[in-house]
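Take a look at the letters that make up each chain.
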Amino acid sequence: MKVLMLNGSAKKEGNTYQSLLEVGKELERQGIEYEIFQIGSQPVRDCIGCGQCNENGCVFADDKVNEFVAKAKEADGFYSSGRAFAFKPAASVAVARRGGCSASFDVMNKYYGICQMPVAGSTYWNMVHGCEPGEVKMDAEGMQTMRNLAKNLAWMMKCFEAGKVAGVPLPETERGNQTNFIR
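So, about the pattern of salt bridges. Evaluated as defined, the whole model comprises 6 salt bridges. Residue aspartate 62 pairs with arginine 45 through a salt bridge whose shortest N-O separation is 2.7 Å. Taken together, the residues aspartate 62 in the loop between β2 (33-38) and α2 (65-74) and arginine 45 in the loop between β2 and α2 connect sequence positions 17 residues apart. The class for aspartate 62 is exposed, based on a relative accessible area of 52%. Look at the salt bridges and you will find they share partners, linking Lys2, Glu35 and Lys71 into a network.

With that settled, consider α2. Listed as buried for α2 are Val65, Phe68, Val69 and Ala72. When α2 is viewed along its axis, its buried side chains cluster within an angular range of 100° and face the same direction.

This next bit is on the pairing of β2. Taken together, the 6 bridges between strand β1 (residues 2-7) and β2 define a ladder with parallel strand orientation. When the sheet's bridge partners are listed, asparagine 7 is paired in β2 with glutamine 38. In this region the chain leaves β1, passes through helix α1 (residues 15-29) and returns to the parallel neighbour β2; the handedness of that crossover is right-handed.

What follows concerns the nonpolar core. It is characteristic of soluble globular proteins that their nonpolar side chains tend to be buried jointly. Formed by 21 residues in total, the largest nonpolar core has its most connected members in Val3, Met5, Val23 and Leu27. Broken down by element, the residue count for this core peaks at 8 residues, all from helix α4 (residues 140-165). Counting residues in each nonpolar core, the second largest holds 14 residues, with Ile39, Val69, Ala90 and Cys115 among its members.

Topologically, glutamine 18 is positioned in helix α1. Looking at glutamine 18, the relative accessible area reads 15%, which means it is buried. In this structure glutamine 18 touches Glu13, Val136 and Lys137, once residues within four positions along its chain are discounted.

Rules used throughout
Residues numbered from 1 in each chain as written. Predicted model: local features only at pLDDT ≥ 70, side-chain atom pairs only at ≥ 80, totals over all residues. Heavy atoms only, no water. Salt bridge = Lys/Arg side-chain N within 4 Å of Asp/Glu carboxyl O. Helix = DSSP H or I, 4+ residues; strand = E, 2+ residues; numbered from the N terminus. Buried < 20%, exposed > 50% of the residue type's maximum accessible area, 1.4 Å probe, protein only. Arc of directions from axis to C-beta. Pairing = 2+ DSSP bridges. Right-handed = clockwise from strand over helix to strand, strands pointing away. Core = buried A, V, L, I, M, F, W, Y, C linked by side-chain atoms within 4.5 Å. Contact = heavy atoms within 4.5 Å.

Given below as structure tokens:
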């Protein structure tokens, strides 16, 4: 089993990276591989709703989105491209000096729901605080939250795998109805 984590911080080995490493260390203790994908300050295009990602990946090939999506499709847990991610556990982590974490955390988690991705939680919101690189290590509660997040994510992944082995089918998803309120 493998978890793919996306580091969206512009600081390659800053506080977000340190927080993800804490998650990764615990995942390894749980027998799960991980990879941190650095997107950082690289530009990422906005979705234009063309639907091509379901067929061949994003039509914009000048950013790292397609590379990330290819890796995410192979992962069992995902830290775009719709149906390939259904029923894969996901989690968001927000890191900041002080404020803004809860709004960022809320925004990131909304995307998992529309892709049928179960969200792993922790003993507090998945946030860590620190300004200068490495300061997150002083946020004892934040690091504890990261370790508990990893344990919960690992548990979910193991439960899903046990379900597959036991022959428990994934829920059947209805498709076809799409309500548009502008006519």
